[in-house]
Amino acid sequence: LLGAFVVAQALRAASVKPREIPTQIRMVSPHFVGRDDQGRAFNLAAKLALRDDTDMQQVVLGSPVLVLDVDSPHPKTLTADKGVYDEKTRLLRLTGHVRVDDSTASTVATNEALVDTKAGTVTGVSALNGSGPMGMISAGSYSASEQGQKIELHGGVHAQLKGK
């Protein structure tokens with residue numbers, strides 16, 4: 001009877017597959033380096049990053065810092081409270097206190113930005129406020145391309161320009 005019990009338990013244990021428990025891969029101070037389609041370098045860093053087993057292409061970032069056009073004399077730095085980077089599409093969605101700073105003392109603030117690291121563009125549908133050596137500007141939405149050399153503003157655009 002004891003032998004039959006041991007054999008039955010062994011057969012039952014062999015037939016039950018272990019449950020897979022989803023786990024998160026947690027990275028502290030991650031740093032990603034890449035290039036856009038025109039060969040311009042960018043760096044993406046964060047205080048913390050999480051990758052979920054259910055979608056390995058999505059990386060959730062805490063306090064991300066993105067530097068675009070790293071090799072140029074005028075790189076752009078984007079910071080935010082949170083970010084989600086999709087490695088498949090190479091899109092970075094920044095949310096919460098998004099700021100863009102460049103080497104010319106210009107600063108732009110908004111609540112969200114979508115950065116296409118492949119094309120090197122930044123777009124957003126939330127309000128934007130900016131200031132720099134030439135004055136101040138605000139708009140309801142925006143898109144920036146060509147390393148920030150071309151900026152389109154939409155919806156309630158207001159500007160105060162300083163002249164010499």
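Residues numbered from 1 in each chain as written. Predicted model: local features only at pLDDT ≥ 70, side-chain atom pairs only at ≥ 80, totals over all residues. Heavy atoms only, no water.

**Brief notes about helix α1 (residues 2-15)**
- Between its terminal C-alpha atoms α1 stretches 20 Å, which fits the 20 Å expected from 14 residues at 1.5 Å a residue.
- Among the 14 residues of α1, zero are classified as buried, and the element is accordingly described as predominantly exposed. (Helix = DSSP H or I, 4+ residues; strand = E, 2+ residues; numbered from the N terminus. Expected span 1.5 Å × (residues − 1). Buried < 20%, exposed > 50% of the residue type's maximum accessible area, 1.4 Å probe, protein only.)

**Some words on the packing of aromatic side chains**
- Applying the stated criterion across every chain yields a total of one aromatic pair.
- For the ring pair Phe-32 and Tyr-85, a centre distance of 6.4 Å and an interplane angle of 35° mean the geometry is tilted. Placement of the pair is Phe-32 in strand β2 (residues 31-35) and Tyr-85 in strand β8 (residues 82-86), with a sequence separation of 53 residues. Comparing Phe-32 with Tyr-85 shows no difference in burial state: the two are buried. (Phe/Tyr/Trp six-rings, centres within 6.5 Å; stacked < 30°, edge-to-face > 60°.)

**Thoughts on the nonpolar core**
- Ranked by size, the top nonpolar core spans 21 residues in total, and within it Leu-61, Leu-66, Leu-92, Leu-94, Val-115 and Val-122 carry the most contacts.
- Broken down by secondary-structure element, the contributors of at least two residues to this core are β3 (41-45), β5 (55-62), β6 (65-68), β9 (91-102), β10 (107-116) and β14 (141-145).
- Not counting chain neighbours up to four residues away, the residues in contact with Val-122 comprise Leu-68, Leu-78, Ala-113, Leu-114, Val-115, Tyr-142, Ser-143 and Ala-144. (Core = buried A, V, L, I, M, F, W, Y, C linked by side-chain atoms within 4.5 Å. Contact = heavy atoms within 4.5 Å.)

**Considering the environment of Val-100**
- Within the secondary structure layout, Val-100 lies in strand β9.
- Since its relative accessible area comes to 22%, Val-100 is described here as partly exposed.
- When the C-alpha atoms of Val-100 and Phe-5 are compared, they prove to be 69 Å apart, with 95 residues separating the residues in sequence.

**Comments concerning a nonpolar patch on the surface**
- Where nonpolar side chains cluster on the molecular surface, the patch consists of Leu-2, Phe-5 and Val-6 and spans about 350 Å² of accessible area.
- Topologically, Phe-5 is positioned in helix α1. (Patch = residues over 30% accessible without salt bridge, like charges linked within 9 Å, V, L, I, M, F, W, Y side chains within 5 Å. Areas by Shrake-Rupley, 256 points an atom, 1.4 Å probe, with all protein chains shown as cover. Salt bridge = Lys/Arg side-chain N within 4 Å of Asp/Glu carboxyl O.)

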